[in-house]
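Per-entry structural report
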Amino acid sequence: MKFLIILPLLFITCFSLAQKKILLIKANSKKAYFIEEEDGRHNWNLSPETKLDIYTITKTLKPKWIRFYTDIDSIKVKIKPNESVDFIVLLNNKDSCRTRIECPPVKNYSNQNPETHDTIKFTLTEFNNIKIKAVLNKADTLNLMFDSGTTGLLLTNDAIRNKTHLASNTNADNTLSIGNLSWDSLQVYPVELSGQGTDGRFGWDLFDGKIVEIDYDKSIFIVHSKLSGINKEYSKFNIEYTHTLFCIQGELQIKNKKYKNRFLFDNGYQRTAMLDTMLMNEQNYPRDLEVIKKVIMRNGQGKEIPVITVNNERLNLGNQELLNVPVQLMATANPARFKTHILGNEVLKRFNTILDFQNNLVYLKPNSLIGLPYKDAK
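1. Points about the overall build of the protein
Counting its secondary structure elements, the protein contains 4 helices and 30 strands. The principal-axis extent of the C-alpha atoms belonging to the protein is close to 85 × 50 × 45 Å. For the protein, the residues scored as buried account for 49% of the 378 residues in total. When contacts within the protein are restricted to residue pairs at least 6 apart in sequence, long-range pairs at least 24 apart make up 63% of them. Total accessible area computed for the protein in this model is approximately 19,800 Å², and 50% of it derives from carbon and sulfur atoms. Distance between charge centroids for the protein: 3 Å, based on 50 positive and 41 negative side chains.

Encoded structure:
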């Protein structure tokens, strides 16, 4: 009798496994790309040598359509938080590239018991960097910059060589401690440059599911597991997650014409606002504004970026109006690699800030720095 019962169960199990097919598409070139719903391209390079290539999509609270394109084929899949989809790309009809699309889980620490409210001291440098002391692998003390315009943990090559005990730049089993907070299983990504006086930077995603309060008046950084009763003096902005980063809506104004668009929330950018060339063209942003200066900037990889600074009459953020803001215009492609203006910390430091990664909101309230002159003002 036992045999007769087990046999159908085995048959059902085997039949189910046989029915589960892994998607297969073809390619003749290693160059491919993903598109997340209406976002632009996320370039991808096929690698037969890699056991499993993982593409992690931008944080989302609901199911999302993801499209993947090779030079000759494509797939479209719907994925929801904390889910993954595997597929194989057959390159040149011989090499199999195993690929996985992952959607991160929705994190929320509001039910954490007891509640936590961790206060961290920071230094706002003369270059508008938020500099914080941190300890890597319980051994190496570093000065790191909080950079809301990036993700993960990035250290300069110089710091890796001279200030850490890292055996490899690609070590993926690192711990980071900041005040009472700690993270483990972090990968260190090497970069050529970081903000002056810092050994590297860490991104917003380390606080996903929590609420971060940045008080520039008191030079403190408070990480909350839960926060209620936010003062009505704050302006509220919805967060738009894109390309692993996040944006808010803002508005440029010249005379009586307004140019509303999204701005990457990037306190790692030291200046006021860098305007996206494509958005400027689409909205016919004036090109005859008074030029204040011309400079060459460098990104985190040391690449030179020619920049022109012009005087923008108004920058509107919620109900706050900033006058005569010197903004930067690029002569090259946007370093963010997608269409967005970039809002930097010479503007953002003028607002005490709450980054609510539970309800996906940003709050800004003018602080004691609101009336400071801009470095490149006329």
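2. Focus: the sheet that holds strand β1 (residues 23–27)
Across the sheet, 4 strands lie side by side as β1-β7-β8-β4; this open sheet has mixed pairing. At either margin of the open sheet sits one strand with a lone partner, and together these are β1 and β4 (53–56). Taking the axes of each pair of neighbouring strands and ignoring which way they run, one obtains an average angle of 30° across the sheet. Where strand β7 (residues 83–91) meets strand β8 (residues 95–103), 9 bridges bridge the pair, whose relative direction is antiparallel. Opposite Val89, over in β8, you have Cys97 as the bridge partner.

3. Things to note about unusual backbone geometry
Cis rather than trans, the peptide bond between Asn113 and Pro114 has omega equal to 5°. For Pro114, the position within the fold is in the loop between β8 and β9 (117–121). Despite not being glycine, Asn137 shows a phi value in the positive range, around 55°. You can see Asn137 is positioned in the loop between β11 (130–136) and β12 (140–147). Not every positive phi belongs to a glycine, and Ser185 is a case in point at roughly 55°. Positionally, Ser185 belongs in strand β15 (residues 181–186).

4. Considering the pattern of salt bridges
Tallied over the entire structure, the rule returns 12 salt bridges. The partner of Asp199 in a salt bridge is Lys163, and the shortest N-O contact between them spans 2.8 Å. One end of the pair, Asp199, is in the loop between β16 (188–191) and β17 (200–203); the other, Lys163, is in helix α2 (residues 157–163), with 36 residues separating them in the sequence. Residue Asp199 is classed as buried on the basis of its relative accessible area of 8%. Lys163 gets classed as partly exposed once you look at its relative accessible area, which sits at 41%. Notably, a salt bridge pairs Asp376 with Arg271, separated by 3.4 Å at the nearest N-O pair. Pair noted here: Asp376 is in the segment after β30 (361–366) and Arg271 is in the loop between β23 (257–265) and β24 (273–275), with a separation of 105 residues, a long-range link. Overall, Asp376 belongs to the buried group, its relative accessible area being 8%.

5. Things to note about the side chain of Asp356
Its location among the elements puts Asp356 in strand β29 (residues 351–356). Nearest to the buried, unbridged Asp356 among oppositely charged side chains is Lys59, at 7.7 Å. Within the structure, the side chain of Asp356 is placed 2.9 Å from the backbone nitrogen of Asn359, a separation counted as a polar contact. Excluding residues within four positions of it along the chain, Asp356 makes contact with Lys210, Ile211, Ile239, Leu361 and Tyr363.

6. Concerning the packing of aromatic side chains
In this structure the tally under the stated criterion is 20 aromatic pairs. Clustering of aromatic rings is evident, with ring pairs tying together Phe34, Trp44, Tyr55, Phe68 and Phe87. One cation-aromatic arrangement involves Arg41 over Tyr33; the distance from NZ or CZ to the ring centre is 3.8 Å.

7. Some words on the nonpolar core
Counting 72 residues, the largest nonpolar core has Phe207, Phe221 and Tyr285 as its most contacted members. Counting residues per element, this core draws most heavily on strand β22 (residues 245–254), which supplies 6 residues. Beyond its immediate sequence surroundings of up to four residues, Tyr285 is in contact with Leu252, Ile254, Tyr259, Leu275, Met280, Asn312, Val327 and Leu329. By size, the runner-up hydrophobic cluster in this structure holds 20 residues, among which are Ile25, Phe87, Val89 and Cys97.

Conventions used here
- Residues numbered from 1 in each chain as written.
- Predicted model: local features only at pLDDT ≥ 70, side-chain atom pairs only at ≥ 80, totals over all residues.
- Heavy atoms only, no water.
- Helix = DSSP H or I, 4+ residues; strand = E, 2+ residues; numbered from the N terminus.
- Buried < 20%, exposed > 50% of the residue type's maximum accessible area, 1.4 Å probe, protein only.
- Contact = heavy atoms within 4.5 Å.
- Areas by Shrake-Rupley, 256 points an atom, 1.4 Å probe, with all protein chains shown as cover.
- Lys, Arg positive; Asp, Glu negative; His and termini not counted.
- Charge placed at Lys NZ, Arg CZ, Asp CG, Glu CD.
- Pairing = 2+ DSSP bridges.
- Axes fitted to C-alpha atoms, helices over the stretch in contact; angles between N-to-C directions.
- Salt bridge = Lys/Arg side-chain N within 4 Å of Asp/Glu carboxyl O.
- Polar contact = N/O pair within 3.5 Å; in protein donor to acceptor, adjacent residues only side chain to side chain.
- Phe/Tyr/Trp six-rings, centres within 6.5 Å; stacked < 30°, edge-to-face > 60°.
- Lys NZ or Arg CZ within 6 Å of the ring centre and 35° of its normal.
- Core = buried A, V, L, I, M, F, W, Y, C linked by side-chain atoms within 4.5 Å.

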